Amino acid sequence: MMLARAIHFDESDMNVFHSPARTGEWCIAGGFEFSNWTEGDLVGKARQAFSNGWLGAETFGRVTFVATTQIEPSEFETLKTGLAQHFVDLYGAPSLDAAAGVAEDELRHMAELCDGQTPNTLLTVARELTPDGVKESFRMIEPQDAGLDQFAIHGSLDE
């Protein structure tokens, strides 16, 4: 099964999100966080998290880009338990058992997005508020092979 990990190309996520995800942590779309939001909530760093932030499933920080990769069943189960606990702690789910199904649904949704993608495919998310709620769209950016002509080689053969 494929899932996606947080990836950073520069330090911008450290500046645009209240709590940035850790590089390499497993991520999900995390749009559920915005289910009750209105235009009034969309200011500053919160707006950035809403507009294009993936949710780190370990630190619950946000990240702009994720990359697809293989996940082991044991890692998936650990994520499911942690996410269920997050739903209990932050959203008031009545128990881990009650939250486990929802946590698994969130992880499976992410796995469906990643399914069939080449490893290291980049994913982005874009959200907007509509009269019917939050609308999410996703973009996949295929990995590019790096050719030797893309690297500058410095040095001398006269040594």
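To be clear, the structure that these remarks concern was listed above.
What counts, and where the lines are drawn
Residues numbered from 1 in each chain as written. Predicted model: local features only at pLDDT ≥ 70, side-chain atom pairs only at ≥ 80, totals over all residues. Heavy atoms only, no water. Salt bridge = Lys/Arg side-chain N within 4 Å of Asp/Glu carboxyl O. Helix = DSSP H or I, 4+ residues; strand = E, 2+ residues; numbered from the N terminus. Buried < 20%, exposed > 50% of the residue type's maximum accessible area, 1.4 Å probe, protein only. Axes fitted to C-alpha atoms, helices over the stretch in contact; angles between N-to-C directions. Parallel < 35°, antiparallel > 145°, perpendicular 65-115°, else oblique. Left-handed = near helix turned anticlockwise from the far one by under 90°. Contact = heavy atoms within 4.5 Å. Expected span 1.5 Å × (residues − 1). Arc of directions from axis to C-beta.

1. Regarding the pattern of salt bridges
For the coordinates displayed, the defined rule picks out eight salt bridges. Salt-bridge contacts for Glu 77 lead to Lys 80; the nearest nitrogen and oxygen are separated by 3.4 Å. Of this pair, Glu 77 and Lys 80 both sit in helix α3 (residues 73–91), three residues apart, which is roughly one turn of the helix. Take Lys 80: its relative accessible area is 15%, and that puts it in the buried class. Through salt bridges with shared partners, one network takes in Glu 77, Lys 80, Glu 104 and Arg 108.

2. Topic: the packing of α3 against helix α4 (residues 96–114)
To characterise two packed helices, one gives the angle between the axes of the helices and the distance between these axes. The contact between α3 and α4 brings their axes to 8 Å, and the two run at 120 degrees. Taken as axis vectors, α3 and α4 run oblique relative to one another. Two packed elements cross with a definite hand, and for α3 against α4 that hand is right-handed. Along the contact surface, α3 presents Phe 76, Leu 79, Lys 80, Thr 81, Leu 83, Ala 84, Gln 85, Phe 87 and Val 88, while α4 presents Leu 96, Ala 99, Ala 100, Val 102, Ala 103, Glu 104, Glu 106, Leu 107 and Arg 108.

3. Notes on α3
For α3, spanning 19 residues, the distance from its first C-alpha to its last is 26 Å, which sits close to the expected 27 Å at 1.5 Å a residue. All of the buried residues in α3 are Phe 76, Leu 79, Lys 80, Leu 83, Ala 84, His 86 and Phe 87. Along the long axis of α3, the arc covered by the buried residues comes to 155 degrees, so they all point the same way. Across from the buried face of α3, at angles greater than 90 degrees, the exposed residues are Ser 74, Thr 78 and Asp 89. Residues of α3 that are buried sit in contact with β1 (2–7), β2 (26–28) and α4. Positive backbone phi, approximately 80 degrees, marks Gly 92, located one or two places after α3.

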